Amino acid sequence: MKVAVILGTSRGDGNTRKLVDEFSVFSDAKVFDLADYDMSFYDYEHHNKGDDFLPLMRELVAFDHIVYATPLYWYSMSAQLKVFFDRISDLLTIEKDLGREFKGKSASMLATGHNENYPDCFVKPIELTTEYLKMEFKGIGYASVQSDNDLMTLSKVAMQSFETITRGEFAY
């Protein structure tokens, strides 16, 4: 199974990146850090269709499973990942054939946050978007990081997340 990780965070060496690195040990995933791409906000006139979003999506269709990785910010995904998700609208309008290529693939989420648990509203946009694209959502691996001691749990969360996407079930 070919796995891609879309990393959306404003701190490239933060806890979410550490979780992604641990996940990559198990999955041999290719990491796409959104900080490395020039991606504009969604634009109804599609003046931004020459930025890095569509080439990135063309590369992502080669993968079987996509992991969205983000810290938990104000009950939601990071701004970087939100822009990425907003741009999926391009796949519903100007690049419909490319959007259809995601049908039948699977997706999951990796996240870190200070809170002990994540709110339901945090996962809902990703669940609904994958459902809309006719992808299978396989769950979220969440690591609560309140102190340096909690960093030891990242490997466990990463391993459980990888097992989830390869077995099709999710254990929190």
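Right, let's walk through the structure included here. (Residues numbered from 1 in each chain as written. Predicted model: local features only at pLDDT ≥ 70, side-chain atom pairs only at ≥ 80, totals over all residues. Heavy atoms only, no water.)

**Structural notes on the side chain of Ser 78**
So, step 1. Mapped onto the elements, Ser 78 comes out in the loop between strand E3 (65–71) and helix H3 (79–87).
So, step 2. With a relative accessible area of 0%, Ser 78 lands in the buried category.
So, step 3. Looking at Ser 78, its side chain comes within polar contact range of the main-chain nitrogen of Leu 81, at 3.2 Å.
So, step 4. Setting aside its immediate chain neighbours within four residues, Ser 78 contacts Gly 8, Thr 9, Thr 70, Pro 71 and Tyr 73. (Helix = DSSP H or I, 4+ residues; strand = E, 2+ residues; numbered from the N terminus. Buried < 20%, exposed > 50% of the residue type's maximum accessible area, 1.4 Å probe, protein only. Polar contact = N/O pair within 3.5 Å; in protein donor to acceptor, adjacent residues only side chain to side chain. Contact = heavy atoms within 4.5 Å.)

**Remarks on the pairing of strand E5 (residues 136–144)**
Along any regular strand, the residues point their side chains to alternate faces of the sheet.
So, step 1. Counting buried positions along E5 gives seven out of nine residues, so the element sits mostly inside the fold.
So, step 2. In this sheet, E5 lies alongside strand E4 (residues 106–113) in parallel orientation, the contact comprising seven bridges. By the bridge assignment, Leu 110 is partnered in E5 with Gly 141.
So, step 3. Since E4 and E5 lie parallel, the crossover through helix H6 (residues 120–132) that links them has a hand, and here it is right-handed. (Pairing = 2+ DSSP bridges. Right-handed = clockwise from strand over helix to strand, strands pointing away.)

**A word on unusual backbone geometry**
Note on backbone geometry: most residues besides glycine have negative phi, and most peptide bonds are trans.
So, step 1. Its identity as a non-glycine residue notwithstanding, Trp 74 has a phi of 45°, on the positive side.
So, step 2. Locating Trp 74 in the fold gives a position in the loop between E3 and H3.
So, step 3. By relative accessible area, Trp 74 is classed as exposed at 77%.
So, step 4. A positive phi is found at Tyr 75, a non-glycine position, where the angle reads about 70°.
So, step 5. The residue Tyr 75 is located in the loop between E3 and H3 in this model.

**Observations regarding the packing of aromatic side chains**
So, step 1. A complete count under the given rule lists 10 aromatic pairs for this structure.
So, step 2. Arranged with centres 6.4 Å apart and planes meeting at 70°, the rings of Phe 23 and Phe 162 form a pair that is edge-to-face. Here Phe 23, found in helix H1 (residues 15–27), pairs with Phe 162, found in helix H7 (residues 154–167); they are 139 residues apart in sequence, far enough to count as distant.
So, step 3. Relative accessible area serves as the criterion here: at 21%, Phe 162 is assigned to the partly exposed category.
So, step 4. Each member of the aromatic cluster is reached from another via a ring pair, and the members are Phe 53, Tyr 68, Phe 84 and Phe 85.
So, step 5. Lying over the aromatic face of Phe 63, Lys 2 brings its terminal NZ or CZ to 4.9 Å of the ring centre. (Phe/Tyr/Trp six-rings, centres within 6.5 Å; stacked < 30°, edge-to-face > 60°. Lys NZ or Arg CZ within 6 Å of the ring centre and 35° of its normal.)

**Observations regarding the nonpolar core**
So, step 1. Ranked by internal contacts, the top residues of the largest apolar core, which has 35 residues, are Ile 6, Leu 60, Tyr 68, Leu 81 and Phe 84.
So, step 2. Elements with a contribution of two residues or more to this core: strand E1 (3–7), helix H2 (53–60), E3, H3, E4, H6 and E5.
So, step 3. Apart from the residues lying within four places of it in its own chain, the contact partners of Tyr 68 are Ile 6, Leu 81, Phe 84, Phe 85, Ala 107, Ser 108, Met 109, Leu 110, Ile 126 and Thr 130.
So, step 4. The next biggest cluster of nonpolar side chains, apart from the first, holds 16 residues, and it includes Val 3, Ala 143, Ala 158 and Ile 165. (Core = buried A, V, L, I, M, F, W, Y, C linked by side-chain atoms within 4.5 Å.)

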